[in-house]
Structure formats: C-alpha cells, structure tokens
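Structural features, examined
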Amino acid sequence: MEDPVAGGQDDQAAGRFARMWDELAAIGDGGARGYRRFAWTAVDLELRAWFRAQAEARGMTWERDRNGNEWAWWGTPGPDAVVTGSHLDSVPGGGAFDGPLGVVSAFLAIDLLRERGVVPERPVAVVDFSDEEGARFGVACVGSRLLTGVLAPEDARALRDADGVTLAEAMRAAGADPAALGRDEQALGRIGAFVELHVEQGRALVDLDAPIGVASAIWPHGRWRCTFHGRADHAGTTRLSDRHDPMPPFAATVLAARESARRLGALATFGKVGVDPNGTNAIASRVDAWLDARAPDAATVRALVAEVTRAAEDAAAGHGVRAEVTEESWTPVVEFGTGLRDRLAGVLGGVPALPTGAGHDAGILSAHVPAAMLFVRNPSGVSHSPAEHAEPGDCLAGVRALAAVLADLACR
C-alpha cells in the first residue's frame, strides 16, 4: 500500500475539502468571538441538517439513534461495522477544527476509497456524536455516555443549562424524544471498531515534525463545582470587617489550584464562573466556579482536588463564608488497546503515538468496543479558541491516513 501520509497535495481532494469546510464553517461562526455550537439549539439543528445532507448526497443511509447521535452508513447497517467520525458541537468561543475535522475527514475518506474502487467487506459508518463538549448542560460526551450506559437517562434528562432549561425540554423543543434516552444495545452492538480523527490539542506533533499521530492514552479528568456561600451587601457602605464576601476565598482557591497543579504535575483550570447577583456595586452573595482537573493518573487528580477543597474551605472560613465542592463528572484514564493502535500505526508507516489530556468520545467507547484515535498536527497547539488551526496539507494527510485505516479494517 502506498504511504498515505507522504506525497504531494491532490488538487481535486484539496478542492473538495475546501468546499465542504467552507460550507460547514459558516454555521455558528461568531467571527473573532469563535464558535457557539451548543446542543439542541437552532445552530445544532443546522449542523445536523448539514450532516444528513452530506450522507444523502453520497447515497448513504442516515439514522438518528435514541440518544441523538447521527449515523451515515456506507453499506447495509449491521454488526461488526468500522465506524469513524467525531462531533460537530463546540465549547463557547471554540475553534473550527475540534470535532468537525473528524466528521469532514470521515466523509472525504469514504469518497477517496470509492474513487479507488474499494468495496468494503464490513459496513462502514460515519457518526456525529451529540453534545460532546458539554458546553450547554455541563456534562461532556453526553451522546456517547448515554449510548454506552455510562450516563443514566434520568440524570441526563434532568441536566439544566444556564437559563434553567433541562436537557429533556431542549430535546423536545428540537423535535427529539427524551423518553428514549438510554443505553443503546443495537447501536453499540453494531460497532466492530471505532477510529476517531481529531486535531491535536497540543504541540507534540510539531515537536516530532510529524503531520499524523495515534493516541496512546487519555488522561483521567473530571469537573467539580466549587460553591462559595456568602451574604449580599452594599459595596459602598459595608466595612471590610463586616463582610461575608465569597469573592476573596474564590480568588484564593484559584491561586491554590494553580500552585497545587504545578507541584503535583497536573492541570487545574477555573474557566467558568457564576456570580450572584453579579452587580458592580454589590457584594456577591454566592460564587459558583467549575474546576477542571487532569493528570496522567487518577491518584494525582484526586490529590489535587483534595488540596483544592481544603484550600477553598480554609479560605472561606477566614471570610465568614461557607464552601462546598461537588464532583459533577469523572472520566478514568483511557489506555487505548495496543492491538488496534499498533495496527493503525503499522498501516501508516510507524507514525508516533502520544497521550492527550483532552477527553473524547473514543475514550468513552474504548471500555466497550475496540477504539483508537488519529491526531492531525496543530501548528500552534492552541485549541478551544478561535486561533485553533490545522494546515490544509496536514488535513489532507489526515484524510489519506484515515482512508488507509478504513480500507485496512473494512477489507479484512
């Protein structure tokens, strides 16, 4: 087999990629503010319509499963399928590549195989997983967690967004049935292997001077809500000694988390904060802040969270404030099986394997089906930002690599 990564850029493939990319990129684009593609919104429905149109334009069978995940089938839907794809939703102010690159590359890889006259012996499917980022309802990988039974349907239906709208209400408004949520034995049973292509969310491939890599592992990670209960008061008349202000202990907790992460070799981020009543001339009554914690091993993450919890409680006590820390989600370490991972690396001529601190649907599925990931080089390493980028030549290398992998898996 020819090296799918080497070689010059094919003009026809480049033009097809550009057309698909430009069409998709216009949906939910906030310009300099980045993308806002939240689950079960009008933008999400537009993305879903785009996915279905891509499937139907190729004569592929389109389906939506009970959890809102979309499937496009090359061949008759059935067991032992080779599945690829990713997600189309985004974080607030996100970039264009996180998720969509995997979906666009999946369709283009199938186009490439068809042009080469490849006839798969196993069904091949492209999947768009619902609500991977968890930007609206606070839990990541909702579609794949529900599919595999990791997330209970009653818990999912009760999730609320910042406006108090439940996931169940949002689904009904979008024309979907929340009563159907739950582990999907039929959909899960069809997956013989899952390969997710994703833009790298770091600079490892830049340092290795490689356009393509495979994932070796996903760090364990989770989200914790840190709530500081204080007392609202007047900013201009309340003496400092009389205040029960939740902001200073919150600020101290942010700094403590950063220091603990540095010392433990972990990552800690407070990226989402809610302040009540959120007035310039009012002392806050409450602060809700979400800690994202990640590390190479679970023990380190747990040690970090324990330290942050103690720091929050100690800082709160010094200001007459009450602090509580609640775990909202947890994903254990994912070690991608060496069998499938090494097979992919072999097909691609020995591309490098690297771990990642970012969570993915492939990580959720890996406990239930053989799963692997391909990474496409990110020249700056920036992700979850409008500055997220991958060069066109590397994107096409990703398409060729994915096509080679699909051919190897689907043609025995």
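In this report, the structure presented in the accompanying data block is examined. What you are looking at is a predicted structure, and each value in this text was computed from that prediction instead of being measured. Residue positions within a chain follow its written sequence, with the count starting from 1. Per-residue local features are limited, in this predicted model, to residues with pLDDT of at least 70; the limit for side-chain atom pairs, both in listing and counting, is 80 or more; totals at the level of whole chains, interfaces and linings are taken over all residues. Here the side-chain values reflect all heavy atoms present in the structure, with hydrogen atoms and water set aside.

Brief notes about the side chain of Ser216
What counts is decided by this rule: Helix numbering and strand numbering both begin at the N terminus, where a helix is a DSSP run of H or I of at least 4 residues and a strand a DSSP run of E of at least 2. Classification of residues uses two cut-offs on accessible area relative to the type maximum, computed with a 1.4 Å probe and protein chains only: under 20% is buried, over 50% is exposed, and between them is partly exposed. It only takes one pair of heavy atoms within 4.5 Å for two residues to be counted as in contact.
Structurally, Ser216 can be placed in strand S6 (residues 212-218). Judged by relative accessible area, which is 14%, Ser216 ranks as buried. Once residues lying within four places of it in the same chain are set aside, the contact partners of Ser216 are Val334, Glu335, Phe336, Arg341, Ala353, Leu354 and Pro355.

Considerations on unusual backbone geometry
With the exception of glycine, most residues fall at negative phi, and the peptide bonds are largely trans. Omega for the bond connecting Asp276 with Pro277 falls within 30 degrees of zero, at 5°, which places this linkage in the cis form. Inspection of the secondary structure puts Pro277 in the loop between strand S9 (267-276) and strand S10 (282-283). Despite not being glycine, Asp131 shows a phi value in the positive range, around 50°. For Asp131, the location among the structural elements is in the loop between strand S4 (124-129) and helix H4 (142-148). Residue classification places Asp131 among the buried positions, given a relative accessible area of 4%. In this model, Asn278 sits at a positive phi of 65°, which is unusual for a non-glycine residue. Within the secondary structure, Asn278 is located in the loop between S9 and S10. Given the relative accessible area of 60%, Asn278 is considered exposed.

Keep in mind these values describe shape, not function.
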